[in-house]
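Tertiary structure, described
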Amino acid sequence: MSSFPWGPATVNADDDEPAAHRHGTHVFGQLHHAGATVMLRGVYDLHGSSASRLLALIPPLAVVPSGPRTQAALDLLATETAHDEPGQDAVLARLLDLLLVIALRAWCTGPEASPPAWHQALTDPSIGEALRLLHDNPAHRWTVASLAAKVGLSRAAFAQRFTALVGQPPLGYLADWRMTIAADLLRDTQQTVATVAHQVGYSDPFAFSVAFKRASGHTPSAWRGSC
């Protein structure tokens, strides 16, 4: 999937540096005393069409209680934020990513969640592998037959199973995914429309522009100008 500008932002109440560069904890009571409350805050700056797919998984407020799978990551994060040491930014970024993935996974399998069909389809061995192939190489000239061969199913069985689990046919999903990536490339880069078209599998920029307008309601240039 396309990359996002993700990163941790925790704040040290005693630090005068700009917030974007501060790491540490707000402490109510004394950190190492029984009864102390430690609050850890992580901020992700998500934008674009790809991020919308992630945000659609969760409500505005999602509470994931600590449990056996989250506690170890929380303990590591709390320990790391308590000290200023070389390489702390890198460690915090990766620990926060780990905690986010664990929390999202826990939420999506909880009783209150209603994840989209494509998320549930990822757990199917054949269709999950097909989705990974499409995500990893959206510019490839995929066909239903080539995808079916990659995952070891007949063309008919694959098309039926993919549509049933994902909610749309394989090439329809691919077309939507290509437009999602294209929208983010047009927003976040200065690449030409022709270059963006090539990156999402279109050799003809005109054909790409027609497909993009059909999907978004805007030409690529108009979309870029509105972002």
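Bear in mind that the values here come from a model prediction, so they are computed numbers and not experimental data.

In terms of regular secondary structure, the chain is built from 11 helices and 2 strands. Each helix (α) and strand (β) of the chain, taken in turn from the N terminus, gives the series β-β-α-α-α-α-α-α-α-α-α-α-α. Here the chain, with 227 residues, has 33% of them falling under the buried criterion. Partitioning the intrachain contacts of the chain with sequence separation of at least 6 by distance along the chain shows that 58% fall at a separation of at least 24. Of the roughly 13300 Å² of accessible surface on the chain, 57% is carried by carbon and sulfur atoms.

Angle between the axes and distance between the axes: these two values describe a pair of packed helices. Closest axis-to-axis distance for the helix 5 (residues 125-136)/helix 6 (residues 144-151) pair is 9 Å, and the angle between their directions is 125°. Taken together, the axes of helix 5 and helix 6 lie oblique to each other. With respect to the hand of their crossing, helix 5 and helix 6 are arranged in right-handed fashion. On the side of helix 5, the interface is formed by Ser-126, Glu-129, Ala-130, Leu-133 and Leu-134, while helix 6 contributes Leu-147, Lys-150 and Val-151. Of the residues in the contact of helix 5 with helix 6, the class split is 5 nonpolar, 1 polar and 2 charged.

Two elements in contact, helix 5 and helix 8 (residues 170-188), have axes whose closest approach is 10 Å; the angle formed by their N-to-C orientations is 35°. Viewed along their axes, helix 5 and helix 8 form a crossing whose handedness is right-handed. Counted together, Leu-131, Leu-134 and His-135 of helix 5 and Pro-170, Tyr-173, Leu-174 and Trp-177 of helix 8 form the full contact between these two elements. Across the contact of helix 5 with helix 8, the residue classes tally to 6 nonpolar, 1 polar and no charged.

Time to look at the nonpolar core. Counting residues in hydrophobic clusters, the biggest one holds 30 residues, and the most contacted among them are Phe-158, Phe-162 and Phe-208. Counting residues per element, the ones that place at least two in this core are helix 5, helix 6, helix 7 (155-166), helix 8, helix 9 (193-199) and helix 10 (205-216). In terms of residue count, helix 8 provides more of this core than any other element does, 9 residues in total. Residues in contact with Phe-158, not counting those within four places in the same chain, are Ile-127, Ala-130, Val-144, Leu-147, Ala-148, Val-151, Leu-153 and Pro-170. Listed in part, the 8 residues of the second largest apolar core include Ala-73, Leu-92, Leu-96 and Leu-99.

Basis of the calculations
- Residues numbered from 1 in each chain as written.
- Predicted model: local features only at pLDDT ≥ 70, side-chain atom pairs only at ≥ 80, totals over all residues.
- Heavy atoms only, no water.
- Helix = DSSP H or I, 4+ residues; strand = E, 2+ residues; numbered from the N terminus.
- Buried < 20%, exposed > 50% of the residue type's maximum accessible area, 1.4 Å probe, protein only.
- Contact = heavy atoms within 4.5 Å.
- Areas by Shrake-Rupley, 256 points an atom, 1.4 Å probe, with all protein chains shown as cover.
- Axes fitted to C-alpha atoms, helices over the stretch in contact; angles between N-to-C directions.
- Parallel < 35°, antiparallel > 145°, perpendicular 65-115°, else oblique.
- Left-handed = near helix turned anticlockwise from the far one by under 90°.
- Nonpolar A, V, L, I, M, F, W, Y, C, P; charged D, E, K, R; others polar.
- Core = buried A, V, L, I, M, F, W, Y, C linked by side-chain atoms within 4.5 Å.

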